[in-house]
Amino acid sequence: MDKKIWQEIDEKEPIPENILQRMEELRSHKAEVIEDKYIKRPTQIEGIRRAGVVNTGLLDHIGEVIHDGMSTQEIDDIVDAYTKEHGGICACLNFEGYPKNVCVSINEEVCHGIPARHRKLHDGDIVNVDCTTIVDGYYADASRMFMIGHVSEARRRLVEETKKCLELGMEAAQPWATVGDIGAVIQKYAQSKGYSVVRELGGHGVGIEFHEDPFVSHVGRKNTGMVLVPGMVLTIEPMINIGKPGVVIDPYNDWTIYTEDGKDSAQWEHTILITETGNEILTH
Ligand code: MF3
Ligand code: CO
Ligand code: CO
């Protein structure tokens, strides 16, 4: 958005004075504080919330229809149809050249799995479906794991502990805490369970654009990195590996990320709003 539009937003719905003051004070103490334009205003939050409602309905729907033998292209078709029927647009399609509506990542695929007719879900697979929904220009981004049929104990545990990582990350995402606080709790918990955390990809600011500042690392140290200011909207989306943390990118499609050691990986994602008293999940 250009400067004039930002100015109009500022005039209509200014950032509350107490928050602006605290941001200034933190900046004067050399803390990392986000640019004012990323602090969402009530109208914007309402829009992102509406995108979140469609996104949540979509993932609930996927949960009802996903099954053994289904192709990942069928999931893509369902995401496309459901989103349009509910007044939304799939953000992934054509995003930096991405060719499909959704990312579907199976087992050792970490993220950005590209749907295809020939790619079928099998009994025992663990599958991440990652949907980003635009409604009236506002973005909501979330993903869940689905377990197909009879899943091994090791895979089930990975899926559940990764969900726990997301929950712990969200608990740490308190007003005036830092992005490093989120990464620190996730890293500590994942490693305590013998897992590793992917470092190359992370969460992100979201809402007016697909990927905004800040980058939300899922590893880190307490009290470091950007301050979490009420009005920030961001995703937390830990990618947790059973084996080593290293990843590789598919040399043919230049999108899909795999674990380097070929072992399984899981991911869960929510979009959250930092509030003055805690946070609110916008993709519930
Ligand atoms: N939804 C992903 C995220 O969580 C991004 C996917 S980008 C795409 O940030 F182009 F692959 F869709
Ligand atoms: Co995301
Ligand atoms: Co996503």
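Now for a look at the structure at hand.

Topic: the overall build of the protein chain
Right, on to step 1. Helix and strand content of the protein chain: six helices and 15 strands.
Right, on to step 2. In terms of C-alpha radius of gyration, the protein chain reaches 19 Å, essentially the compact-globule figure of 19 Å for 284 residues.
Right, on to step 3. Seen through its principal axes, the protein chain has C-alpha atoms that stretch 55 × 45 × 30 Å.
Right, on to step 4. Counting across all 284 residues of the protein chain, residues that qualify as buried make up 45%.
Right, on to step 5. At a minimum sequence separation of 6, the contacts of the protein chain that also span at least 24 residues come to 71%.

So, the site of ligand 1
Right, on to step 1. Taken together, Cys92, Phe95, Tyr98, Cys103, His112, Asp130, Thr132, Asp141, Glu237 and Glu269 make up all the residues around ligand 1.
Right, on to step 2. Here the shell around ligand 1 is composed, by residue class, of four nonpolar, two polar and four charged.

Some thoughts on the sheet that holds strand 3 (residues 109-111)
Right, on to step 1. Ordered in space as 3-12-11, the three strands form an open sheet in which the pairing is antiparallel. The two strands at the open ends of the sheet, each matched to only one other strand, are strand 3 and strand 11 (247-249). Ignoring strand direction, the axes of neighbouring strands in this sheet form an average angle of 40°.
Right, on to step 2. Of the pairings in the sheet, the one linking strand 3 to strand 12 (residues 257-259) comprises two bridges and is antiparallel in character.

Overview of the nonpolar core
Nonpolar side chains in soluble globular proteins tend to be buried together.
Right, on to step 1. Within the largest apolar cluster, 70 residues are counted, with the highest numbers of intra-cluster contacts made by Val102, Val129, Ile182, Val229, Met232 and Ile240.
Right, on to step 2. Among the elements that line this core, the one with the most residues is helix 6 (residues 179-192), at seven residues.
Right, on to step 3. The residues touching Val102, leaving out its near neighbours within four places in the chain, are Ile75, Asp76, Val79, Cys90, Cys92, Pro115, Val129, Asp130 and Cys131.

Some thoughts on the pairing of strand 14 (residues 270-274)
Right, on to step 1. For strand 14, a buried count of five out of five residues is recorded, marking the element as mostly surrounded by other parts of the structure.
Right, on to step 2. Neither face of strand 14 is exposed, since His270, Ile272 and Ile274 on one face and Thr271 and Leu273 on the opposite face are all buried.
Right, on to step 3. Relative to strand 14, strand 9 (residues 233-236) runs antiparallel, the two being bridged by four bridges. Residue pairing across strands places Ile236 opposite His270, the latter belonging to strand 14.

Things to note about the sheet that holds strand 13 (residues 265-267)
Right, on to step 1. Pairing within the open sheet is antiparallel, and its three strands lie in the order 6-10-13. Each edge of the open sheet carries a strand with a single partner, namely strand 6 (196-197) and strand 13.
Right, on to step 2. Judged from the three bridges that link them, strand 10 (residues 239-241) and strand 13 form a sheet pairing that is antiparallel. Looking at the pairing, Asn241 lines up with Ser265 of strand 13.

About the thresholds
Residues numbered from 1 in each chain as written. Chains lettered and ligands numbered in written order. Predicted model: local features only at pLDDT ≥ 70, side-chain atom pairs only at ≥ 80, totals over all residues. Helix = DSSP H or I, 4+ residues; strand = E, 2+ residues; numbered from the N terminus. Rg over C-alpha atoms; globule rule 2.2 N^0.38 Å. Buried ≥ 20, exposed ≤ 12 C-beta atoms within 10 Å, placed from the backbone. Contact = placed C-beta atoms within 7 Å. Near = placed C-beta within 6 Å. Nonpolar A, V, L, I, M, F, W, Y, C, P; charged D, E, K, R; others polar. Pairing = 2+ DSSP bridges. Axes fitted to C-alpha atoms, helices over the stretch in contact; angles between N-to-C directions. Core = buried A, V, L, I, M, F, W, Y, C linked by C-beta atoms within 7 Å.

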